[in-house]
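Remarks on the overall topology
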Amino acid sequence: MPRFSWARFSAVLKKEFLHILRDRASLVMAVAMPIGMLLLFGYAVNTDVEHLSTVVWDQSQTTDSREFVTSVRNTQYLNPDNFVQGYKEIADYLDSGKARVAIIIPPNYGKNLQGNVQANVQVLVDGSDPTVARAAMSAVQMLGLNKSLQLQSERLVAMGTAGSIGTPLNIETRVWYNPDMKSLVFNIPALIGLILQNVIAMLTSFSIVREKERGTMEQLVVTPIRSLELLLGKLLPFVLIGFVSLSLILATGIFWFGVVPMGSISLLVLLSTIFLFTILAIGLLISSVAKTQLQAMQMTFILILPSILLSGFIFPRETMPRLLQLLGGLLPLTYFLDIVRGIFLKGVGIQYLWQDTLTLCAFAIILLAIAAKKFKKNLD
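These lines cover the structure that appears in this document, whether it is placed above or below. Values in this document were obtained by computation on a predicted structure and should not be read as measured data. Here the residue numbering is sequential within each chain, running from 1 through the sequence in written order. In keeping with the model being predicted, local features are shown solely for residues with a pLDDT of at least 70 and side-chain atom pairs are shown and tallied solely at 80 or more, while totals for entire chains, interfaces and linings include all residues. Side-chain measures were taken over the full set of non-hydrogen atoms in the model, leaving aside hydrogen atoms and water.

A word on the overall build of the chain
The helix and strand labels rest on DSSP assignments: H or I over at least four residues marks a helix, E over at least two residues marks a strand, and numbering proceeds from the N terminus. The helix and strand inventory of the chain stands at 14 helices and five strands. Classification of the 380 residues of the chain by burial places 44% in the buried group. Should any heavy atoms of two residues lie within 4.5 Å, those residues are considered in contact. Put simply, of all contacts in the chain between residues at least 6 apart along the chain, 77% involve residues at least 24 apart. Burial classes: relative accessible area under 20% of the type maximum marks a residue as buried, over 50% as exposed, and values in between as partly exposed (1.4 Å probe, protein chains only).

Looking at the pairing of strand E2 (residues 78–83)
On a regular strand, one side chain projects to one face of the sheet and the next to the other, so that they alternate. Two strands are said to pair when DSSP picks up at least two bridges between them. In the sheet, strand E1 (residues 52–58) pairs with E2 via five bridges, with the strands oriented parallel. Counted as the bridge partner of Thr 54 is Pro 80 from E2.

Let's talk about the sheet that holds E2
What the five strands build is an open sheet, ordered E2-E1-E3-E4-E5; its pairing is mixed. Edge positions in the sheet fall to E2 and strand E5 (169–176), since each of these pairs with one other strand and no more. Each adjacent strand pair in this sheet contributes to an overall mean axis angle of 25°, direction not counted. Here strand E3 (residues 101–105) runs beside strand E4 (residues 119–126); their pairing, made up of four bridges, is antiparallel. Across the sheet, Val 101 pairs through a bridge with Val 125, a residue of E4. Packed onto the sheet, helix H3 (residues 63–74) meets E1, E2, E3, E4 and E5 and runs at close to 135° relative to E2. Geometry is summarised by axes, namely lines fitted to C-alpha atoms with helices restricted to the contacting stretch, and by angles between N-to-C directions that run from 0 to 180 degrees. Where helix H4 (residues 87–96) meets the sheet, its contacts fall on E1, E2, E3, E4 and E5, and the angle it forms with E3 comes to roughly 165°.

Considering the pattern of salt bridges
Basic side-chain nitrogens of Lys or Arg form a salt bridge, by our definition, when they fall within 4 Å of a carboxyl oxygen of Asp or Glu. Under the counting rule described, the total for this entry stands at four salt bridges. For Asp 81, the salt bridge is made with Arg 73, and the minimal N-O distance between the two is 3.4 Å. Put simply, Asp 126 and Lys 346 hold a salt bridge, and the shortest N to O gap is 3.3 Å. With a gap of 220 residues between them, Asp 126 in strand E4 and Lys 346 in helix H13 (residues 332–346) connect regions that are remote in the sequence. For Asp 126, a relative accessible area of 1% gives the class buried. Under the relative-accessibility criterion, Lys 346 is labelled buried at 18%.

Examining unusual backbone geometry
The phi angle at Gln 76 is positive, at roughly 70°, despite the residue not being glycine. Note that Gln 76 resides in the loop between H3 and E2. Of the residues examined, Gln 76 reaches a relative accessible area of 42% and is grouped as partly exposed. Positive phi outside glycine occurs at Tyr 177, with the angle close to 75°. Residue Tyr 177 is classed as buried on the basis of its relative accessible area, which comes to 19%.

A closer look at the side chain of Gln 122
Looking at the secondary structure, you find Gln 122 in strand E4. For this analysis, a polar contact is any N or O atom pair within 3.5 Å, provided that within protein one partner can donate a hydrogen and the other can accept it, and provided that sequence-adjacent residues contribute only side-chain to side-chain pairs. One polar contact links Gln 122 to Tyr 87, side chain to side chain, over a distance of 3.1 Å. If near-sequence neighbours (up to four positions away) are discounted, Gln 122 is found in contact with Tyr 87, Ala 102, Ile 103, Ile 104, Glu 172 and Arg 174.

Thoughts on the packing of helix H7 (residues 183–214) against helix H10 (residues 265–289)
Where H7 meets H10, the axes come as close as 8 Å, and the angle between the chain directions of the two elements is 35°. The hand of the H7/H10 crossing is right-handed. Where H7 approaches H10, its residues Gly 193, Leu 196, Gln 197, Ile 200, Ala 201, Thr 204, Ser 205, Ile 208, Val 209 and Lys 212 are matched on the opposing element by Phe 275, Leu 276, Ile 279, Leu 280, Gly 283, Leu 284, Ile 286, Ser 287 and Ser 288. Its residues assigned to classes, the contact of H7 with H10 shows 11 nonpolar, seven polar and one charged. Should the near helix be turned anticlockwise from the far one by less than a right angle, the crossing is left-handed, and should it be turned clockwise, the crossing is right-handed. Gly falls in the polar group here, along with every residue not listed as nonpolar (Ala, Val, Leu, Ile, Met, Phe, Trp, Tyr, Cys, Pro) or charged (Asp, Glu, Lys, Arg).

A few points about a nonpolar patch on the surface
Only residues whose relative accessible area exceeds 30% and that take part in no salt bridge are eligible for patches, with like-charged residues grouped when within 9 Å of each other and nonpolar side chains (Val, Leu, Ile, Met, Phe, Trp, Tyr) grouped when within 5 Å. Only the protein chains shown count as cover for residues, and the accessible areas themselves come from Shrake-Rupley with a 1.4 Å probe. On the surface, Phe 4, Trp 6, Phe 9, Leu 13, Phe 17 and Ile 20 cluster together into a nonpolar patch covering about 670 Å² of accessible area. Within the secondary structure, Phe 9 is located in helix H1 (residues 6–22).

Concerning the packing of H10 against helix H11 (residues 293–310)
With their axes 9 Å apart at the nearest point, H10 and H11 run at an angle of 140° to one another. Relative to H11, H10 is oriented oblique. Read as a crossing pair, H10 and H11 show a hand that is right-handed. Each of Ile 282, Ile 286 and Val 289 in H10 lies in contact with H11, whose residues at this interface are Ala 296, Met 299, Thr 300 and Leu 303. Its residues assigned to classes, the contact of H10 with H11 shows six nonpolar, one polar and no charged. The labels follow the angle: roughly parallel below 35 degrees, roughly antiparallel above 145, roughly perpendicular from 65 to 115, and oblique for the rest.

Here it is, written out as structure tokens:
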């Protein structure tokens, strides 16, 4: 037999091409996934922070104060579109996440500027996301410096002298929730949701697919057991595993990394339970579609990648195009991250988290209903 035969090589090559062409799922994945991943990474991986929601308390109500607000808007980093009348409203905006920055202009702002006296402006920054906080602080500090230089030049011209004058404008910045702007404080709470999602979804899907591969699912079908009993018997052990995983993650985050929740741990456990049932439903759906554990792993990976990029886990959702923000809104992890970061970093209660909680409840009910129906259909 010759060492290399072009005929045998051509036969194997033809056979493999035919297999690939017949396997539509793999063919679509090979063509669509590189383009999809490039588009996803290209638009989602964006560290340029722009158009941050900003709340303004203008106590001066003068031409000078309105010009300052306009200058803030012109930076393209901040969107000062919300106006309030007190600190309580500012706290509500920052606690709820409706605003990332608050600008407070004192009553004497315009008078001080016109009287050649230093004017002060206070800026409060939500430091729960260090990337966003640093960008916001840099923007307002640069704005304050440019504004001061402009006012200094105008005053020097008006005085007709090159003498020394004080700084016309002082920007006082304060960081809330994460004063040291540590990335660890921002990342650890988010890892609770991401790890819980990945572990529980993969374990749930693998468990049922393993039954299919071994042929034991057919044995369960012919046993005198109702589909609901089988479904609950399959899922409840993973509920227990989920609580154990949650406890271990919380304990590690608190005692090893020193990231202590500012809010109620009992509320966090309660809302994590809703998220846990949502992930169980996703795992059950994956297992209903997948025929092998390899397929289940691939489908879980497809869930993991958008969850990291589009949920706000790493990159702020405000910087993403509107379409990707909408896609991120279809991920349960997006809402759970708001919940877990709100409890850990801001110490807020259900009065600020009820919308995210209701959305998670809707996800859990809808996905569990679809998964149960799909599971029952497969058994039938």
